Amino acid sequence: MSTEEPQKAVKKPAGKKSTGVKKESPERISDVTAAAPRDVEQAPEVSTISLPAIPVSLTSSTEADMEASLRAVFSGENPTVSVPEEPVVIAEVDEVVVEVESVDTGSLPTRRDRLSGEPATKPEPVSMLTPERVLDAKKKRDKPTEGWNKFVYDITFHGVNLGDSPLTRHRKALDASIGRPLTGGTKFVPVLTRKGGVGKTTTTTLLGMAMALVREDRVLAIDANPDRGTLAERFNKTTEKTVRDLVNDAAKILTFNDFSEYVNRDKTRLDVLASDTDPFLSEAFGANDYNIVSDLASRYYSIALTDCGTGIIHSVMGATLKRADGLVIVSGGSFDEARLASETLTWLESNGYGDLVKNSIVAINTATQGTNLIKLREIEDHFKSRVRETVRIPYDAMLAAGSYIDFKKLKPETQEAARQLASLVVDGL
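Residues numbered from 1 in each chain as written. Predicted model: local features only at pLDDT ≥ 70, side-chain atom pairs only at ≥ 80, totals over all residues. Heavy atoms only, no water.

Quick word on the overall build of the protein chain
Basically, it comes down to this: In DSSP terms, a helix is any run of H or I states spanning at least four residues, a strand is any run of E spanning at least two, and both are numbered starting from the N terminus. Any two residues whose heavy atoms approach within 4.5 Å at even a single point are treated as in contact. Accessible surface area values rest on a Shrake-Rupley calculation with a 1.4 Å probe, where residue burial reflects the displayed protein chains alone.
When helices and strands are counted, the protein chain shows 16 helices and eight strands. In the protein chain, the proportion of contacts linking residues at least 24 apart, taken out of those at least 6 apart, comes to 72%. Of the roughly 26,600 Å² that the protein chain leaves accessible, carbon and sulfur atoms contribute 53%.

Regarding the pairing of strand β7 (residues 361-365)
The line we're drawing: Buried residues are those whose accessible area, probed at 1.4 Å on protein chains only, stays under 20% of the maximum for their type, while exposed residues exceed 50% and partly exposed ones sit between those limits. In short, DSSP must find at least two bridges between two strands for them to pair.
Summarising burial for β7: five of the five residues are buried, a large majority. The side-chain alternation of β7 yields two buried faces, one formed by I361, A363 and N365 and the other by V362 and I364. Of the pairings in the sheet, the one linking strand β6 (residues 328-332) to β7 comprises five bridges and is parallel in character. Among the inter-strand pairings, G332 is bridged to a residue of β7, identified as N365. As paired strands, β7 and strand β8 (residues 389-393) are joined by five bridges and run parallel to one another. Paired with I361 across the two strands is E389, which belongs to β8.

Here we look at the nonpolar core
Put simply, the rule reads: In plain words, nonpolar cores are sets of buried Ala, Val, Leu, Ile, Met, Phe, Trp, Tyr and Cys residues tied together by side-chain atoms within 4.5 Å.
Core analysis: the largest hydrophobic core is formed by 35 residues, its most contacted members being L206, L207, M211, L270, V328, F407 and V425. A total of seven residues in this core trace back to one element, the largest contributor, which is helix α16 (residues 412-427). Those residues in contact with F407 that sit more than four places away from it in its chain are L206, M209, A210, L213, T268, Q415, A418 and R419. F188, L246, V293 and V316 belong to the second-largest nonpolar core, a separate cluster that totals 24 residues.

A closer look at the packing of helix α7 (residues 200-214) against α16
Helix-helix packing: each pair is described by the crossing angle between the helix axes and the interaxial distance. Basically, it comes down to this: The axes are straight lines fitted to the C-alpha atoms, using for helices just the contacting stretch, and the angles between their N-to-C directions are given from 0 to 180°. For classification purposes, an angle smaller than 35 degrees is called roughly parallel, one larger than 145 roughly antiparallel, one from 65 to 115 roughly perpendicular, and anything else oblique. Classification convention: Asp, Glu, Lys, Arg as charged; Ala, Val, Leu, Ile, Met, Phe, Trp, Tyr, Cys, Pro as nonpolar; all other residues, Gly among them, as polar.
Between α7 and α16, the least distance of the axes is 8 Å, while the angle of their chain directions is 75 degrees. Of the possible angle classes, the one that applies to α7 and α16 is roughly perpendicular. Counting all contacts with α7, which are made through T203, L206, L207, A210, M211 and V214, the residues of α16 involved are T414, A418, R419, L421, A422, V425 and V426. Across the contact of α7 with α16, the residue classes break down as 10 nonpolar, two polar and one charged.

Considerations on unusual backbone geometry
Despite not being glycine, R269 has its phi angle at roughly 80 degrees, a positive value. With respect to the helices, strands and loops of the structure, R269 is situated in the loop between β3 (264-265) and β4 (270-273).

Let's talk about α7
Side chains that are three or four residues apart share a direction in an α-helix, a result of its 3.6 residues per turn. Heads up, the condition is: Expected span of a helix, by definition, is 1.5 Å for each gap between consecutive residues, and there is one gap fewer than residues.
When the terminal C-alpha atoms of α7 are compared, their 22 Å separation across 15 residues agrees well with the 21 Å that a helix rising 1.5 Å per residue should span. Burial of α7 is extensive: 13 of the 15 residues sit out of reach of the surface.

Here we look at the sheet that holds β6
Judged by pairing direction, the sheet is mixed, and its eight strands sit side by side in the order β3-β4-β2-β5-β1-β6-β7-β8 without closing on themselves. Of all the strands in the sheet, just β3 and β8 have a single pairing partner and so form its edges. Sitting on the sheet, helix α10 (residues 287-300) is in contact with β1 (187-192), β2 (219-224), β4 and β5 (303-308), with an inclination near 175 degrees to β2. This element, helix α11 (residues 315-323), spans β1, β2 and β5 of the sheet and lies at about 135 degrees to β1.

What about the side chain of T320?
Topologically, T320 is positioned in helix α11. Assessed through its relative accessible area of 1%, T320 is described here as buried. Sequence-distant contacts of T320, that is, excluding residues within four places in its chain, are made with P190, Y290, T306 and C308.

Remarks on a nonpolar patch on the surface
Note the following rule: The patch calculation keeps residues exceeding 30% relative accessible area without a salt bridge and links them within 9 Å when they carry like charges or within 5 Å when they are nonpolar (Val, Leu, Ile, Met, Phe, Trp, Tyr). Within this document, salt bridges are pairs made up of a side-chain nitrogen of Lys or Arg and a carboxyl oxygen of Asp or Glu, the two lying within 4 Å of each other.
The grouping of W148, F151, I155, V160 and L162 at the surface amounts to a nonpolar patch, some 510 Å² of accessible area in total. Tracing the backbone shows I155 in helix α5 (residues 147-155).

Right, here's the structure in full:
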C-alpha cells in the first residue's frame, strides 16, 4: 500500500523512524518546523485524498477559516466553514412601480381609542359621532299600542311597560316594509296569468288595498283587460267613467283633481280605473290606449298595478311588460293551474323578460278547485326555484263571492297574506 502525505505536510528527517506515539496536532500551521517530527497515519488505498469541495467564494475567506478546515482534515472530522449570511435572491424581477396615495392614518382617531376611554387629541371626523356613542345605552320600550300589554300599561298608570307583543311588532315591521319610500318615478306592477278564473283580479285587489292602507303616497289599479274586466266590481263605485273615457279626454286632464274624476276610490285610499263595460268597445282598448293611461298615471301616482287580461298574447301585454318594474304571477291550487302559471314564466323568459321573472312573486290562490288534493309545498318549491318568492292566499268567503271586498272584514290570515304580498312586491321595487 502506498502512502502519501497530506498536501503541505512537512517531510520527516531521513534515518529516523516513527516512535508509534501519537502527538497532538499543532495549533497553527506556522508552528510546524523541521525539528518537530510527527507521525502520519497510513492513508487508504487511493491515489489522492479528496477534500470536501469548498465554494470558490469561500477560498478567499479569512485565514482562520482555512486553518480550521485543514485542522479538521488532519483529525478526521468534517470541515466546518463559517458562511457569511447573505440575502437569498429567489428571482430577479423587473422594477415595479405602484403609485399609492399616501394617507396618514395615524392622524385619524379611531373607534378603538374612544372605547378605551382615551380622549381624542386630534379633531374627530363626523363619522365618529354615532347614535350608539351619544344616546343612552338603556333603550326604553315603546309603549304598547294594543292588546293585553296595552291594558297592563294603562291600569298600572304606565308603571309596567311590556312593550308590543311579537304579533304587533311583526305587523309594524310589515307596515314599515310596505310603506318605504320609492324613487325614480311611478313603478308599474302587472298581475297576470295564462288562465282565467284563478283569482287574478282578486289578487290585484288585495295587493292594492294592502299598499294603499299603509303607504302615504298614491296607489292606482288599472283594469287593462281587453275583454270585459271586473276589477271595479270589487269596490263601491264612485263614478261610471272608464279607461275609455280617460283616453278620450286625455288632453283635458291637467291636474290630479281632473284625473280623480275618472277613478273609483276605495276607503283604503286605493284608486281604480274601470275597464269598458260595452262589449262592442272592449276590444278597442289596445297598446296605444294603455300607454296614454300610463303616461297620465305617472304624473300623479307612485305605484300603478295593472290587472292584465286572460292570457299573455294580446295587444296590451307588450306595452304592459315594457313598463313593468315588478311582476306578480297568479297560480291556482290545482295541477293544471300550476302548470299554466309555470308555462307563463317560461314564455316570459324566452321572450326577453328573464330578469323580470327572477324578481317576480307567485301568488298561489288556495281557494280554487282541487287544492285539497294537491301537495302545495311541492308547487311552492317549484316556483321558488324560478322566482324570488311565493305567497299563499287562503280561502275566504268574501273573496269567493266575487263581489265587493272590505279589507278590514277579511279573515286575519287573508289580510296577513295580502300584506306579505305587498311587502315582497315593494321590496323588489
